[in-house]
Amino acid sequence: MQLDFIHKPSGHCENGVVSNLLRYYGVEMSEAMVFGLGSGLFFAHMPFIRLHGMAVTSFRPLPGDIFSRVLSLLNIKIKRYKFRDRERAMRTLDSLLERGIPVGMLVGVYHLPYFPKEYRFHFNAHNICVTGKEGDVYTVSDPVVVDKCTLTYDELKLVRFASGTYPPKGRMYHIADVRSKCDVTAETVRRAIVKNCNRMLKIPVPMFGVKGIRFLAWRMRKWEGRMGAKRAALNLAQIVRMNEEIGTGGAGFRFIYAAFLQEASVIMNEPRLRELSAEMTIAGDMWRDFSYNAARLIKKRDAEPITYDQLADKLVAISQKEEAIFRDLAKGFGPCKQM
Amino acid sequence: MKVNEVPQDGKILESSGVRDVCYATDENGDYKQIISVGWDAKNVALDFTWESIYEECEEIKKEVLSGEKSPLAYHLHRLIMTPEILSDYSGFSKRDIRRWCKAKHFVKLQKEQLEQLACALRISVEQLTSLD
């Protein structure tokens, strides 16, 4: 059985799944809009969570957050699951598919067969959407793949219960009821923007938001002395990968958010947002410049190599830039309520 | 990023169906979606990570040949597994897996245990007991 599901690739996996799911229920919304309404722009550098033995740097909120936020703003009812029993997780999925409901879910990429081998790390925050089942084979709409792909029962079970940092534990979600849906208005967009400002500016812990970028810069200056050239370069490579990798891209997210601000400026009839979108594009370009220079440091092919201090300076500049943008947004669009 | 600046440095993604969707501005400053096949900076970071994993593997290989560590230790590292993760997939305890990374404990493993480990690592028993 196959659902009549239109698959469109996207820049970030969760946006893609949410926007494809919404389209199935007749709500046409661009990826950028989903990302913006979900307040998806974020930064976190968390030394207490390790991935491959190194601190986790994330450019996104927890998986599932974008989905919940967008749909609560649209007043659409959703259902989220988490399982302990693997067979039950698959049975529930099957029964939902039989009722004609496409199901988004969280998977680990380590065992995903259609991913290139080089990308298969123990990264457990990838989103896919299951849209049909023929016998033992599931049809999967993965937003980072151009076409729909397939996974067997055993493969899907394995990736849904991947192990490692932040195990997905069979997490899945679907849209339950769209009858009470409301349209995207200027007020919805404003609330989403304010929420994103709060997330970037007001979390009172130095590891998150614009403070988090400075925190990473501060730690980066000490890497080489603390753990030697090799380990420092590995840490840097991990950050570049997190920054640029498909589905998690940090720089890419800045561009998606800039695209959202453009759309928002039309909805809210607010030309100022378009200017801020251009500013955000500059922030994204600064992130790309950071990645480019980090790659040069990793390769060590230059006569006059860039140092970790210089890279950290770049990060500080980025944090100042983003802080200015979000302070502007917060000032222009309502009182910054404490979260 | 401008539309014409979107990198197309295919190296890793080309052979698969996976693509990068990038957002870039056109001449009017409007955002457009462009599909990219990768970027050198990212490829460098990925290559470096894998190279260093393989380098460490070669060192472990030497220790295996000198009879100190077991092939399990080599395969764990090659497949970027850790005792914690393998313990989840195989059902053995972390302590047991760490013990079996030493050659003197590895040789005592039963056939069924080897099969279970190989299955969790998705390799064959012959591979698990050798350095392939």
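Refer to the structure above for everything that follows.
I will try to describe carefully the structure that is included in this document. Since we're looking at a predicted model, the values are computed, not measured. (Residues numbered from 1 in each chain as written. Chains lettered and ligands numbered in written order. Predicted model: local features only at pLDDT ≥ 70, side-chain atom pairs only at ≥ 80, totals over all residues. Heavy atoms only, no water.)

**Some points on the overall build of chain A**
Piece 1. Counting its secondary structure elements, chain A contains ten helices and eight strands.
Piece 2. Taken against the 2.2 N^0.38 rule, which gives 20 Å for 339 residues, the C-alpha radius of gyration of chain A at 20 Å falls within 12% of a compact globule.
Piece 3. Based on the C-alpha atoms only, the size of chain A along its principal axes is roughly 60 × 45 × 30 Å.
Piece 4. Split into buried and exposed, the 339 residues of chain A put 62% on the buried side.
Piece 5. Residue pairs in contact within chain A that sit at least 24 positions apart in sequence constitute 70% of those at least 6 positions apart.
Piece 6. Carbon and sulfur atoms form 52% of the exposed surface of chain A, whose accessible area is close to 13000 Å².
Piece 7. Computing the positive centroid from 51 side-chain charges and the negative centroid from 35, chain A places the two 7 Å apart. (Helix = DSSP H or I, 4+ residues; strand = E, 2+ residues; numbered from the N terminus. Rg over C-alpha atoms; globule rule 2.2 N^0.38 Å. Buried < 20%, exposed > 50% of the residue type's maximum accessible area, 1.4 Å probe, protein only. Contact = heavy atoms within 4.5 Å. Areas by Shrake-Rupley, 256 points an atom, 1.4 Å probe, with all protein chains shown as cover. Lys, Arg positive; Asp, Glu negative; His and termini not counted. Charge placed at Lys NZ, Arg CZ, Asp CG, Glu CD.)

**Description of a positive patch on the surface**
Piece 1. Among the surface-exposed residues, Arg50, Lys222, Arg226 and Arg231 of chain A lie close enough to one another that they form a single positively charged patch.
Piece 2. By residue number, the principal contributor to the positive patch is helix α7 (residues 209-244) of chain A, which donates three residues. (Patch = residues over 30% accessible without salt bridge, like charges linked within 9 Å, V, L, I, M, F, W, Y side chains within 5 Å. Salt bridge = Lys/Arg side-chain N within 4 Å of Asp/Glu carboxyl O.)

**Observations concerning the pattern of salt bridges**
All names here are of chain A.
Piece 1. Scanning the model with the defined rule gives 26 salt bridges over all chains in all.
Piece 2. Residues Glu187 and Arg190 are paired through a salt bridge, measuring 3.2 Å at the closest nitrogen-oxygen approach. Taken together, the positions of Glu187 and Arg190, both in helix α6 (residues 186-201) and three residues apart, correspond to about one turn of that helix.
Piece 3. The partly exposed category is assigned to Glu187, whose relative accessible area is 40%.
Piece 4. With its nearest N and O atoms 2.5 Å apart, the salt bridge here joins Asp328 to Arg272. Of this pair, Asp328 sits in helix α10 (residues 308-332) while Arg272 sits in helix α9 (residues 271-299), and the two are 56 residues apart along the sequence.
Piece 5. The class for Arg272 is partly exposed, based on a relative accessible area of 35%.

**Describing the interface of chain B and chain A**
Piece 1. At the interface, 38 residues of chain B touch 49 residues of chain A.
Piece 2. Taken over both partners, the interface formed by chain B and chain A buries close to 3900 Å², and the fraction arising from carbon and sulfur atoms is 64%.
Piece 3. For chain B, the biggest contributors to the area lost against chain A are Tyr23, Tyr31 and Tyr89 of chain B; these three give 17% of the whole.
Piece 4. The partner of Asp30 of chain B in a salt bridge is Arg274 of chain A, with the nearest N and O atoms 2.9 Å apart.
Piece 5. When contributions to the side of chain B that touches chain A are tallied by element, the ones reaching two or more residues are β1 (20-25), β2 (31-36), α1 (40-65) and α3 (83-90) of chain B. (Buried area = accessible area lost by both parts, 1.4 Å probe.)

**Re the sheet that holds strand β7 (residues 149-152) of chain A**
Residues and elements named next belong to chain A.
Piece 1. Ordered by their spatial adjacency, six strands build an open sheet running β3-β8-β4-β5-β6-β7, and the pairing between neighbours is antiparallel. Every other strand in the sheet has two partners, leaving β3 (77-81) and β7 as the edge strands with one partner each. On average, adjacent strands in this sheet sit at an angle of 35° to one another, irrespective of strand direction.
Piece 2. Both strand β4 (residues 103-107) and strand β8 (residues 172-177) contribute to a ladder of two bridges, which runs antiparallel. The residue bridging Met105 from the neighbouring strand is Met172, located in β8.
Piece 3. Sheet strands in contact with helix α3 (residues 65-73) are β3 and β8, and its direction is about 160° off that of β3. (Pairing = 2+ DSSP bridges. Axes fitted to C-alpha atoms, helices over the stretch in contact; angles between N-to-C directions.)

**A closer look at the pairing of strand β6 (residues 137-141) of chain A**
Residue and element names in this part refer to chain A.
Piece 1. Burial within β6 is extensive, with four of its five residues counted as buried.
Piece 2. The hairpin formed by strand β5 (residues 126-134) and β6 contains two residues between the paired strands, and Gly135 there has a positive phi angle of roughly 60°.
Piece 3. Taken together, the four bridges between β6 and β7 define a ladder with antiparallel strand orientation. In the strand pairing of β7, Thr139 is matched with Thr150.

**Describing helix α5 (residues 153-160) of chain A**
Piece 1. With respect to burial, α5 of chain A is a largely interior element, six of its eight residues being buried.
Piece 2. Within α5 of chain A, burial applies to Tyr153, Leu156, Lys157, Leu158, Val159 and Arg160 of chain A.

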